[in-house]
Amino acid sequence: KPRSNRKQTLNKIIKGNEALKVNDRMILNLSGKTLTESQKEVLTLGPDFAPTPSHPQIDKRDNDIDKWVSKIRWAHFFSRVTPSSTPNAHKDTEIALIPPSGKEAPKSTSQALELYLQLTVKELKSTGLCNNSFDNMSPNHRQALKQLQSWDDSIFRYFDKGTGWVIDTPENYEQKVMEHLGDADTFTPINEVQDTSPIPKKIKEINETIEKWVETSLKAGDISQRLATWMVKEESRPGYDYCNYKVHKPQANYPGRLITSGCGSPTENLAAWSD
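Definitions and limits used
Here the residue index of a chain counts from 1 through its sequence in written order. At least 70 in pLDDT is required for a residue's local features to be given in this predicted model, at least 80 for side-chain atom pairs to be given and counted, and no such filter applies to totals for whole chains, interfaces and linings, which use all residues. Excluded from the side-chain calculation are hydrogens and water; included are all heavy atoms of the structure. Relative accessible area decides the class of each residue, using a 1.4 Å probe on protein chains only: under 20% of the type maximum gives buried, over 50% gives exposed, and in between gives partly exposed. Being paired, for any two strands, means DSSP has found at least two bridges between them. Segments assigned H or I by DSSP are reported as helices when at least four residues long, segments assigned E as strands when at least two residues long, and all are numbered from the N terminus. Every angle, taken between N-to-C directions, lies between 0 and 180 degrees, and every axis is a line fitted to C-alpha atoms, over only the stretch in contact when it is a helix. It only takes one pair of heavy atoms within 4.5 Å for two residues to be counted as in contact. Put simply, two rings from Phe, Tyr or Trp (the six-membered ring, in Trp's case) pair if the centres are within 6.5 Å, and we call them stacked under 30 degrees between planes, edge-to-face over 60, tilted for the rest. Throughout this description, the term charge over a ring refers to an Arg CZ or Lys NZ atom that lies within 6 Å of the ring centre and within 35 degrees of the ring normal. Among buried residues, the Ala, Val, Leu, Ile, Met, Phe, Trp, Tyr and Cys ones that are joined through side-chain atoms within 4.5 Å form a nonpolar core.

(A) Summary view of unusual backbone geometry. Positive phi, close to 65°, is recorded for Asn-253, a residue that is not glycine. Looking at Asn-253, the relative accessible area reads 53%, which means it is exposed.

(B) Seen up close, the sheet that holds strand S1 (residues 27-29). Spatially, three strands are ordered S1-S3-S2 in an open sheet, and the strand pairing comes out mixed. Every interior strand has two partners, whereas the edge strands, S1 and strand S2 (155-158), have only one. Within the sheet, the average angular offset between the axes of one strand and its neighbour, ignoring direction, is 20°. In this fold helix H2 (residues 37-44) packs onto S1, S2 and strand S3 (165-168), with an angle of close to 130° to the strand it touches most, S1. Set on the sheet, helix H8 (residues 170-181) makes contact with S2 and S3; between it and S3 the angle comes to about 110°.

(C) Quick look at the packing of aromatic side chains. Across all of its chains, the model carries six aromatic pairs by this definition. Aromatic pair Trp-68 and Tyr-116: ring centres 6.2 Å apart, planes at 65°, arrangement edge-to-face. Note that Trp-68 is positioned in helix H3 (residues 58-79) and Tyr-116 in helix H5 (residues 111-126), a separation of 48 residues in sequence. With a centroid separation of 6.2 Å and 35° between ring planes, the pair formed by Tyr-240 and Tyr-242 is classed as tilted. Judged by relative accessible area, which is 39%, Tyr-240 ranks as partly exposed. Here the aromatic residues Trp-151, Phe-156, Tyr-158 and Trp-165 are joined through ring pairs into a cluster of three or more. One residue, Lys-33, lies across the ring of Trp-151, its end atom 4.1 Å from the ring centre. Sitting over the face of the ring of Tyr-158, Arg-157 holds its NZ or CZ atom 5.7 Å from the ring centroid.

(D) Layout of the nonpolar core. If you look at the biggest cluster of nonpolar residues, it comprises twelve residues: Ile-27, Leu-35, Val-42, Leu-43, Leu-45, Met-137, Ala-144, Leu-145, Leu-148, Trp-151, Trp-165 and Ile-167. Going through the elements one at a time, H2, helix H7 (139-149) and S3 are the ones with two or more residues in this core. Broken down by element, the residue count for this core peaks at three residues, all from H7. The residues touching Trp-151, leaving out its near neighbours within four places in the chain, are Lys-33, Thr-34, Leu-35, Gln-39, Phe-156 and Ile-167. Counting residues in hydrophobic clusters, the runner-up holds nine residues, among them Leu-28, Phe-159, Val-166 and Tyr-173.

This is how it looks when you write it as structure tokens:
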């Protein structure tokens, strides 16, 4: 009966998707290309919509569930360490940043948490949605999605505010990014030739600065050796910039909001620790 109820619920979702009404406020097409009604309906589903995979990997799903359970148990385990329970709180709280690699978390002492995990895992692993691979998109919408994915000459970006898609040409998108990067007061152009590029030297300087700070903090007892090793990245690269469109400012020709990502950069782990 529960599986039947889930199938009925999914059928309602599919029928609802088939009867989608296009919301033009969720689509800003600056590419000059023509969208079909089915393509508009797919975009109306929004950036958070996730199509069901055609061939679910049950083993991978179970492995992901087990990792999630271990993550929850580690979080509960570390949450018991508070500043009031130890004079060196910084040495305990840092462990939560880097739990033992590949080690399964022990069962928690909380009966309520273990009951929650048991019931949730049972529900997730017994659900027929993954095992039977019910499609949450109609054939027309699935085909429209494939067509949109093949648009290599178009850029799809999120609204800066609100929910929706912007479709633009790569040339226009690059121009909006360069409107920010071309600001000489903020950015300095560099030579793209690898042999003369200052990027490796700058990354080395940043790493050396972090290493000096880590060494000083370690000697002062402010951080542990494990945290000190984690903070200094052996391999790193520059951050990167990208833009989301300010759709709420059509009078300014939808300017881009520059966003800088530090993922993979020398300061990534240091930033995670400071947060």
